[in-house]
Amino acid sequence: MPFLRVSLIQDMRHIQNVSEIKTDVGRARGWIRLSLEKKLLSQHLKQLLSNQALTKKLYKRYAFLRCEEEKEQFLYHLLTLNTVDYFCFTSVFTTIMIPYRAVIIPIKKLSNAITTSNPWVSVSGELGDSGVMQIPKNVLEITFDCQNLGKLTTAQIGHDNSGLLAKWLVDCVMVRNEITGHTYKFPCGRWLGKGVDDGSLERILIGELLMPCADEDLSKQCRTPPLQRSPTQTRRLSITSLAGRNNKPNAGQIQEAIGEAVNNIVKHFHKPEKERGSLTILLCGENGLVSALEQFFHHGFKSSRIFQKNVFVWDFIEKAVAYFEMTDQIGDTEEETESFRSMYKVFCHYVNAINVTPRNIGKDGKFQFLVCLGARDHLLPQWIPLLVECPLITRMYEEYALLRDHLTVNSLIRVLQTVHEFNITLESSLVKGITL
């Protein structure tokens, strides 16, 4: 991604081009907001005030800005504002058109740099989404204009699986606001294509804001803060393949991760609304609820390859749904039968709705959908006992699996019930194409 040059003149032109601002005072305020958000207020003012001829023309001799000592101290104090991330421009001018730049970075050592299929990308933020944008073939970078998206939260990337070299291993997607300079990284680290990985043709990536850096190739930044990273292939390999068995988290670490994920959601809702971060990160980020529950379901999972084909947790869920749909009775008493029938019918309805979605998501993506929808509708504590009681669990899970430990399962249910009092709203990118 090309370096975005720091320019006082360019920032002034950006403000002049905002048609929503009608007065010179409004433009001055808009410029201050933009400079503050870009952490350039002190630098820009220093450049402006260095023009002594202009300051002498506009200010009297006793003016504060013509006193060198006070001016230097003033500019020094303004530097302390750079320690805080402000979004005072982005959050105020919500209807203006913003130019964005998106760069797709593939893993060239293991995959083709360019895919023969027709790739696309869609970027979402707190204020809206860009819609699906087709990426021209043999191109990894696009620019687009759309109404201010606000803080970016997710990016979706996919392709139509056409051509001889359709399979594509994407490292990450980088998106930059060309006015504010805010750059977001959306880690992927997974394949797109049929017959590889979990067969997904599209992925939902969770973004994190990168700190401003010097003039360097942003694609070299390969690591991001763990609290805001998308689940990557590295973690998934450690829990789905034979190669990474030594890297699996133990039972205690998994239970601690679930508690931490739920605790973060609870703390999110106890904060004042203006101070809350992204709920999507808490649900789907690296240390989010989806990741923690995925580790729980993978513990003791018999995921050895069958005829060179990976077995995923979603395979177990689909088999459980097939069992429920052809079973006439579950439970020992009539009361239990009706209760379980009601719960498993709802569970089957959700799983089937996810399976018939027109989106080309893989098995891990479907599991993410199920967890997000279950969290939104407060159904996760009801679904887990269903899977525990399903006879298939003995065939697909080892005896030591957490899912077969009733004390651990009861503890998990109690933890998940703590979020029932909160109204969880999912952003559109997480539920698009699913009617429930």
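Before reading further, recall that the structure is shown in the block above.
Quick caveat: nothing in here was measured; it's all calculated off a predicted structure. Just so you know, the residues in each chain are numbered from 1, in the order the chain's sequence is written. In keeping with the predicted nature of the model, local features appear solely for residues at pLDDT of at least 70, side-chain atom pairs appear and are counted solely at 80 or more, and the whole-chain, interface and lining totals rest on all residues. Here the side-chain values reflect all heavy atoms present in the structure, with hydrogen atoms and water set aside.

Draft legend 1. Expanded view of the packing of aromatic side chains. Pairing of aromatic rings covers Phe, Tyr and the six-membered ring of Trp, with a centre-to-centre limit of 6.5 Å; geometry is then stacked below 30 degrees between planes, edge-to-face above 60, and tilted otherwise. Applying the stated criterion across every chain yields a total of 13 aromatic pairs. With a centroid separation of 4.9 Å and an interplanar angle of 5 degrees, the aromatic rings of phenylalanine 269 and phenylalanine 422 are classed as stacked. Of this pair, phenylalanine 269 sits in helix α7 (residues 251-270) while phenylalanine 422 sits in the loop between α15 (406-417) and α16 (428-431); the two residues are 153 residues apart in sequence, bridging distant segments of the chain. Across this residue pair, the class does not change: phenylalanine 269 and phenylalanine 422 are buried. Two conditions define a charge sitting above a ring: the NZ of Lys or the CZ of Arg must be within 6 Å of the ring centre, and it must be within 35 degrees of the ring normal. A cation sits over an aromatic face here: lysine 151 above phenylalanine 87, 4.4 Å from the ring centre. Secondary structure counts use DSSP, requiring at least four H or I residues in a row for a helix and at least two E residues in a row for a strand, with both numbered from the N terminus. In this scheme, a residue with accessible area under 20% of its type's maximum is buried, one over 50% is exposed, and one in between is partly exposed, where area comes from a 1.4 Å probe on protein chains only.

Draft legend 2. Up close: the packing of helix α2 (residues 24-37) against helix α3 (residues 41-49). Where α2 contacts α3, the axes come no closer than 7 Å and their chain directions differ by 125 degrees. In terms of axis orientation, α2 runs oblique to α3. Of α3, the residues touching α2 (which contributes Trp31, Ile32, Ser35 and Leu36) are Leu41, His44, Leu45 and Leu48. When residues are sorted by character, Ala, Val, Leu, Ile, Met, Phe, Trp, Tyr, Cys and Pro go into the nonpolar class, Asp, Glu, Lys and Arg into the charged class, and all the rest, Gly among them, into the polar class. The residue inventory of the contact of α2 with α3, partitioned by class, reads six nonpolar, two polar and no charged. Every axis in this analysis is a line fitted to C-alpha atoms, fitted for helices over the stretch in contact. Angles between the N-to-C directions lie between 0 and 180 degrees. Here the word oblique covers every angle except those under 35 degrees (roughly parallel), over 145 (roughly antiparallel) and from 65 to 115 (roughly perpendicular). The contact criterion used is simple: two residues touch if any of their non-hydrogen atoms lie within 4.5 Å.

Draft legend 3. Local environment of the sheet that holds strand β7 (residues 168-177). Here, strands pair whenever DSSP counts at least two bridges between them. Spatial ordering of the open sheet is given by β5-β1-β7-β8-β10, a layout of five strands whose pairing is antiparallel. In this open sheet, the two strands that pair with only one neighbour each are β5 (141-147) and β10 (208-209). With seven bridges joining them, strand β1 (residues 97-106) and β7 adopt antiparallel strand pairing. Looking across to β7, one finds that proline 106 is bridged to valine 170.

Draft legend 4. Inspection of the environment of glycine 158 at higher detail. Here glycine 158 lies in strand β6 (residues 152-158). In sequence terms glycine 158 and serine 117 are 41 residues apart; their C-alpha atoms lie 9.5 Å from each other.

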